[in-house]
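Here are the chains, one letter per residue:
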Amino acid sequence: MPPLSLLLPLLFLILGSGMALYAWIVLGDAGSYGAGFMPAAIGCLITLLSALELVRETRRWLVLRPQPESGGRELFSLAVVIAAVVFYIAFVDVLGFVVTSSLIVVALLVPFLGKRRLMASLAAIAAVAGIYYLFSAILLVPLPSGSLF
């Protein structure tokens, strides 16, 4: 049986293809700068990168033929990502983009660091604030500000 590391690239390949097709067919203006341009570009990029990852993982699986594993670590990683997405969806309207994203990034970053956790956490929060500024001030894309703040 193929490992779970082949499942995610396949899922992203389907997701990216669907996003690109939606932008081309439904929105219709993916060829010029408009509502469908960015979804089409991102969908094509996701499709390309996931296809490359799928080929790489397939070649690695065929060459190495690893011993069967339980897949516990891969399942745990998948569960953590799903939990982060659910947390974001549930709390972004209440806490806002900056707070919610900062909590997620710090929670995913800190357990893997041995040293300088505080500096890495501050850098991650600064990156989230920079992303918020980029989208809200430069690209003029409104991000949730939250009802508590």
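Here goes a summary of the coordinates provided. (Residues numbered from 1 in each chain as written. Predicted model: local features only at pLDDT ≥ 70, side-chain atom pairs only at ≥ 80, totals over all residues. Heavy atoms only, no water.)

1. Describing the overall build of the chain
The criterion, for reference: The helix count covers DSSP runs of H or I at least four residues long, the strand count covers runs of E at least two residues long, and both are numbered beginning at the N terminus. Using a 1.4 Å probe on the protein chains alone, a residue whose accessible area is under 20% of its type maximum counts as buried, one over 50% counts as exposed, and one in between counts as partly exposed. Note on areas: Shrake-Rupley with a 1.4 Å probe; residue coverage comes only from the protein chains shown.
The helix and strand inventory of the chain stands at five helices and zero strands. Counted from the first residue to the last, the chain has its helices and strands arranged as α-α-α-α-α. The buried share of the chain, taken over its 149 residues, is 20%. Accessible area of the chain: about 10,700 Å², with a carbon and sulfur share of 75%.

2. What to know about a nonpolar patch on the surface
Going by this rule: A patch consists of residues exposed above 30% relative accessible area that lack any salt bridge, with like charges linked at up to 9 Å and nonpolar side chains (Val, Leu, Ile, Met, Phe, Trp, Tyr) linked at up to 5 Å. Whenever Lys or Arg places a side-chain nitrogen within 4 Å of a carboxyl oxygen from Asp or Glu, that contact is recorded as a salt bridge.
On the surface, Leu-4, Leu-7, Leu-8, Leu-11, Phe-12, Leu-15 and Leu-75 cluster together into a nonpolar patch covering about 580 Å² of accessible area. With five residues, helix H1 (residues 7-27) is the largest single contributor of residues to the nonpolar patch. A relative accessible area of 36% places Leu-7 in the partly exposed class.

3. Quick notes on helix H5 (residues 117-138)
Here is the rule we go by: Expected span of a helix: the number of residues minus one, times 1.5 Å. The directions from the helix axis to the C-beta atoms form the arc being described. Working rule for contacts: check all heavy atoms of both residues, and any pair within 4.5 Å makes them a contact.
Under the 1.5 Å per step criterion, the end-to-end length of H5 is 30 Å for 22 residues, consistent within 8% with the ideal 32 Å. Every buried residue of H5 is listed here: Ala-120, Ser-121, Ala-124 and Val-128. The arc that holds the buried residues of H5, viewed along the axis, is 105°, so those residues lie on one side. Exposed side chains of H5 directed beyond 90 degrees from the buried face belong to Leu-118, Met-119, Tyr-133 and Ile-138. Contacts from the buried residues of H5 go to helix H4 (97-109).

4. Considerations on H4
Because each turn of an α-helix spans 3.6 residues, side chains separated by three or four positions in sequence point in the same direction. If you check H4, its first and last C-alpha atoms are 18 Å apart, about what 13 residues at 1.5 Å a residue would give, namely 18 Å. Those residues of H4 not exposed but buried are Phe-97, Thr-100, Ser-101, Ser-102 and Ile-104. Buried-residue contacts for H4 involve helix H3 (72-95) and H5.

5. Quick look at the packing of aromatic side chains
In plain terms, the rule: Pairing of aromatic rings covers Phe, Tyr and Trp, the last through its six-membered ring, and needs centres within 6.5 Å; plane angles under 30 degrees mean stacked, over 60 mean edge-to-face, and all others mean tilted.
On inspection of all chains with the given rule, the structure shows three aromatic pairs. A centroid spacing of 4.8 Å and a plane angle of 40° characterise the contact between Phe-87 and Phe-91, whose relative ring orientation is tilted. In this pair, Phe-87 and Phe-91 both sit in helix H3, four residues apart, roughly one turn of the helix. Relative to Tyr-132, the ring of Phe-97 has its centre 6.2 Å away and its plane inclined at 25°; by these criteria the two rings are stacked. Here Tyr-132 lies in helix H5 and Phe-97 lies in helix H4, a separation of 35 residues in the sequence. Overall, the relative accessible area of 12% leaves Phe-97 in the buried class.

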